[in-house]
Amino acid sequence: MDSITRMLSRREHAFAEVVRKLQQKGFQSDTFLPVLNEFREAGIQSDARFAEMKVRAGFAKGHGPGRVKTDCQQWQISESLFEQAIRENNLDWFELALQVRAKKFGISLVTNREQRYKQMRFLQYRGFYQDQIDYAMSVTEE
């Protein structure tokens, strides 16, 4: 199908994303699923590559692994594919959390409890895990 080919030629798509888009265009599942499964078997469509793309893109945007994982779950990417993408990319989420904090708030020592919680909530919202937040909050200017 031309629609699938055009879609996959522009960027990586999750299997569920392709299905949703084709259904929105009015295609019947029984007409495109065999073709999409062939594309999947041939490696043209790959949820693993999609997960890698999401991990790299999320990291580049300053999003933590929790937010990237939620993004992948939205497209029905299995946790094992997400974990594999995290391992293969070998990204330093602790340093990223520190950079995100420094960009927004600086890295001076925070003695005010309200400011500390504000910064921690911001990092949680960005999808960082508690150990990454603790690291980011522990590094200060000397």
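Residues numbered from 1 in each chain as written. Predicted model: local features only at pLDDT ≥ 70, side-chain atom pairs only at ≥ 80, totals over all residues. Heavy atoms only, no water.

Caption draft 1: Molecular detail of the overall build of the protein. Scanning the protein from terminus to terminus reveals nine helices and zero strands. From first element to last, N terminus to C terminus, the protein shows the α and β order α-α-α-α-α-α-α-α-α. The globule rule puts the C-alpha radius of gyration for 142 residues at 14 Å, and the 19 Å found for the protein is more than 25% above it. Per-residue burial for the protein yields a buried fraction of 39% across its 142 residues. By sequence separation, contacts in the protein at least 24 residues apart represent 62% of the contacts at least 6 residues apart. As displayed, the protein offers around 8600 Å² of accessible surface, 48% of which is attributable to carbon and sulfur atoms. (Helix = DSSP H or I, 4+ residues; strand = E, 2+ residues; numbered from the N terminus. Rg over C-alpha atoms; globule rule 2.2 N^0.38 Å. Buried < 20%, exposed > 50% of the residue type's maximum accessible area, 1.4 Å probe, protein only. Contact = heavy atoms within 4.5 Å. Areas by Shrake-Rupley, 256 points an atom, 1.4 Å probe, with all protein chains shown as cover.)

Caption draft 2: Main features of the nonpolar core. V55, I77, L123 and F128 are the most contacted members of the largest nonpolar core, which totals 23 residues. Listing elements by their share of this core, those giving two or more residues are α4 (47-61), α5 (65-74), α6 (79-89), α7 (93-105), α8 (113-125) and α9 (130-138). Looking at which element gives the most residues to this core, the answer is α7, with five residues. If you look at the next biggest cluster of nonpolar residues, it comprises ten residues, including M7, L8, F32 and L36. (Core = buried A, V, L, I, M, F, W, Y, C linked by side-chain atoms within 4.5 Å.)

Caption draft 3: Here's a closer look at α9. Among all positions of α9, only Q132, I133, A136 and M137 are buried. One face of α9 carries all of its buried residues, which in axial projection span an arc of 130°. On its buried side, α9 packs onto α5, α7 and α8. (Arc of directions from axis to C-beta.)

So yeah, pure geometry; function would need other evidence.
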